[in-house]
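Structural description and commentary
Read off the chains here:
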Amino acid sequence: MMRSLPWRRATLLAPLLGVLGSAHAGTVTVEFLHPESYTDVHVEGDVNVQVLQPLAQGLKRLGQRLPADQTLVIRVSNIDLAGDWRPPPRLGLEVRVMTPASWPRIDLHYQLKDASGRDLQTGDAEIKDMGYQDSITTLIDSTPLRYEQKMLRDWFGRTFPNPGP
């Protein structure tokens, strides 16, 4: 008969306790200021559907880590997507060319507020990932905006490391 070791029980219960103990669901509001003047949001199709909405949804998902009584307001002032949008010389089709010198960048202002509207944390951020091609997770990921979403996840984790009780 195999005896269960205490650390094994704790290891099995830890994920369950983590889920039960995290009653977070902060609110995130994202505003894109003058997107027509952004450095590079060039995509084939509608920029709102292919770039702005997915980035806003990703930030709202990250906000679920915040305590329920906190609100994060994000105002995006510039976006420069990973890669450069270029027409190839012969095909006539435009493509996004990824190079080490064309890293993603997002400039934003953020305000984290409590339930009474008092500022808990505020700041401006120029978020960039100069090593965006170095991560194995983005190499195996084929979702659109994977570099920008990873960059925002990393920024969120650094900026709000202990989001709640």
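Predicted, not measured: the structure shown is a model, and the values here were computed from it. (Residues numbered from 1 in each chain as written. Predicted model: local features only at pLDDT ≥ 70, side-chain atom pairs only at ≥ 80, totals over all residues. Heavy atoms only, no water.)

Observations concerning the packing of aromatic side chains
Here the distance between the centres and the angle between the planes together describe a pair of aromatic rings. What counts is decided by this rule: A pair of aromatic rings is counted whenever rings of Phe, Tyr or Trp (Trp by its six-membered ring) have centres within 6.5 Å, and the orientation is called stacked for planes under 30 degrees apart, edge-to-face for over 60 and tilted otherwise. The helix and strand labels rest on DSSP assignments: H or I over at least four residues marks a helix, E over at least two residues marks a strand, and numbering proceeds from the N terminus. Burial status follows relative accessibility: with a 1.4 Å probe on protein chains alone, a residue under 20% of its type maximum counts as buried, one over 50% as exposed, and anything between as partly exposed.
Evaluated as defined, the whole model comprises 6 aromatic pairs. Pairing Tyr110 with Trp155 gives two aromatic rings, centres 5.5 Å apart and planes at 70°, and the pair type is edge-to-face. Pair noted here: Tyr110 is in strand β5 (residues 105–113) and Trp155 is in helix α4 (residues 146–159), with a separation of 45 residues, a long-range link. Of the two residues examined, Tyr110 and Trp155, each falls in the buried class. Feature note: the residues Tyr110, Trp155, Phe156 and Phe160 constitute an aromatic cluster, connected by ring pairs.

A few points about the sheet that holds strand β1 (residues 27–32)
For clarity, the cut-off: By definition, two strands form a pair when at least two bridges between them are found by DSSP. Simply put, an axis is a line fit to the C-alpha atoms, just over the touching stretch for a helix, and the angle between two N-to-C directions goes from 0 to 180 degrees.
Taken in spatial order, the 4 strands line up as β1-β2-β5-β6 in an open sheet, and their pairing is mixed. Edge positions in the sheet fall to β1 and β6 (119–128), since each has one partner strand and no second. Direction aside, the axes of adjacent strands within the sheet are offset by 15° on average. Direction of pairing for strand β2 (residues 71–80) relative to β5: antiparallel, over a ladder of 9 bridges.

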